[in-house]
Amino acid sequence: MIKVIDKVYKIKDGIYYSENSDEDKGYWSNISVKNQEEFLSECRRVGTLKSVRENFPNLENIIFEPTRAVGLRFLDIKPNDIGVDFGCMWGNLLIHSAKKCKLIVGIDQTEASLKFLNIRLKEEKLDNVCLINENLRNKLPFRENFDFAIINGVLEWIPDTNQIDLTSFFKKGKVDNLKNKSNPKESQLEFLKTVHQSLNDKGKLYLAIENRWDYQHFLWKSDPHSNLFYTAILPRRISSIISKIVYGRSYVNYIYSMKKLKQLLSSAGFIVTGEYAAFPDYRNPLKILDINNKDTSDYSPVYHMSSTKNILKKVFRMGRNILDIIIYKYFKLFNLAPSFIIIAEKRNG
């Protein structure tokens, strides 16, 4: 066992587990609960890449694509740095960070994801990673330990239930009604304060998230967290009413504009030092532009697209590319970008 401030953890098969409460456990995954054990067994037998490729090919890019981690260059990770990945999941960014730093802690509420990541770490021969099964909504026990922290696509899920099976998440009646202790923004702020407290005086934060005012949300793109149109941009109460009608649960997956993100981070004790627009999104940022650099001469639209003979799709893609060029290249309206990557530092005093 190890004692970390006010928490006791026990280690089992390379993963640390909290003994304090059953609430420390949760589930958030693209793989259903019933398929996890069989999937993990196959990963141990044939390797993670082959198992993912054969059983969940749609997840191969998410788990293994190195482009997903290119934004980490803004953290300028040093060989002696100690980091933490909040909501590390399958470990794409964690593994890339571990290859650069002295030690990194990965925290996730989903035990199955940590077991998968543990297998990957052995495949990569990485022994400088500590995995903790912990609910991020709890008051985490770290105190000024880390040189950097990663929050990649996690902040918007903090207010949500701790039992999310994405294979059924967008089906009415498949998810229990939420019983939130506080409003979503307050939950997110408390989490960011915990992250702030975990960093040392020179600690840095990497935050990646979708943009609420992505111009596509006004036209053809559904909210990625509700799979509904316009819930990202409508007033929160209206979005919640729509979500209750469709799914029987409140809308709590708040995303923000850059201005509101900076305000939220400031309230948590951070000062933003880097603001970037990510294209086509933060998940696979093929292009990252500094929002404060108005030179867009080298901008061109980037998307993950398979070839198509469908004339309607071709016309749509052509129109979307023209809009991108007008909005980003000529008018430089990066506040309408699809995703943001933010680098922030701990503001002391």
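Residues numbered from 1 in each chain as written. Predicted model: local features only at pLDDT ≥ 70, side-chain atom pairs only at ≥ 80, totals over all residues. Heavy atoms only, no water.

## A word on the overall build of the protein chain
Counting its secondary structure elements, the protein chain contains 9 helices and 13 strands. For 349 residues, the compact-globule estimate of 2.2 N^0.38 gives 20 Å, and the protein chain sits close to it at 20 Å. Taken along the three principal axes of its C-alpha coordinates, the protein chain extends 60 × 50 × 40 Å. Within the span of the protein chain, comprising 349 residues, buried residues form 55% of the whole. In the protein chain, 70% of the contacts between residues at least 6 apart in sequence involve partners at least 24 apart. Accessible surface for the protein chain amounts to roughly 16,700 Å². Of this, 52% is attributable to carbon and sulfur atoms. Looking at the protein chain, you have 53 positive and 40 negative side-chain charges, and the mean spots of the two groups are 5 Å apart. (Helix = DSSP H or I, 4+ residues; strand = E, 2+ residues; numbered from the N terminus. Rg over C-alpha atoms; globule rule 2.2 N^0.38 Å. Buried < 20%, exposed > 50% of the residue type's maximum accessible area, 1.4 Å probe, protein only. Contact = heavy atoms within 4.5 Å. Areas by Shrake-Rupley, 256 points an atom, 1.4 Å probe, with all protein chains shown as cover. Lys, Arg positive; Asp, Glu negative; His and termini not counted. Charge placed at Lys NZ, Arg CZ, Asp CG, Glu CD.)

## Details of the packing of aromatic side chains
Counted according to the given criterion, the structure contains 20 aromatic pairs. Here a set of aromatic residues connected by ring pairs shows up, and it is made of Tyr215, Trp220, Phe279, Tyr299, Phe316, Tyr328 and Phe334. For arginine 236, the ring lying beneath its charged end belongs to tyrosine 256, and the centroid distance is 5.4 Å. Above the plane of the ring of phenylalanine 169 lies arginine 249, whose end atom (NZ or CZ) is 3.8 Å from the centre. (Phe/Tyr/Trp six-rings, centres within 6.5 Å; stacked < 30°, edge-to-face > 60°. Lys NZ or Arg CZ within 6 Å of the ring centre and 35° of its normal.)

## Looking at the pairing of strand E7 (residues 129–133)
E7 sits mainly inside the fold: 5 of its 5 residues count as buried. Pairing of strand E3 (residues 15–18) with E7, which is carried by 3 bridges, proceeds in the parallel orientation. What sits directly across from tyrosine 16, in E7, is isoleucine 132. The sheet contact formed by strand E6 (residues 103–108) and E7 spans 5 bridges and is parallel. Pairing of aspartate 108 across the sheet is with asparagine 133, part of E7. Crossover handedness for the path E6 to helix H5 (residues 111–124) to E7: right-handed. (Pairing = 2+ DSSP bridges. Right-handed = clockwise from strand over helix to strand, strands pointing away.)

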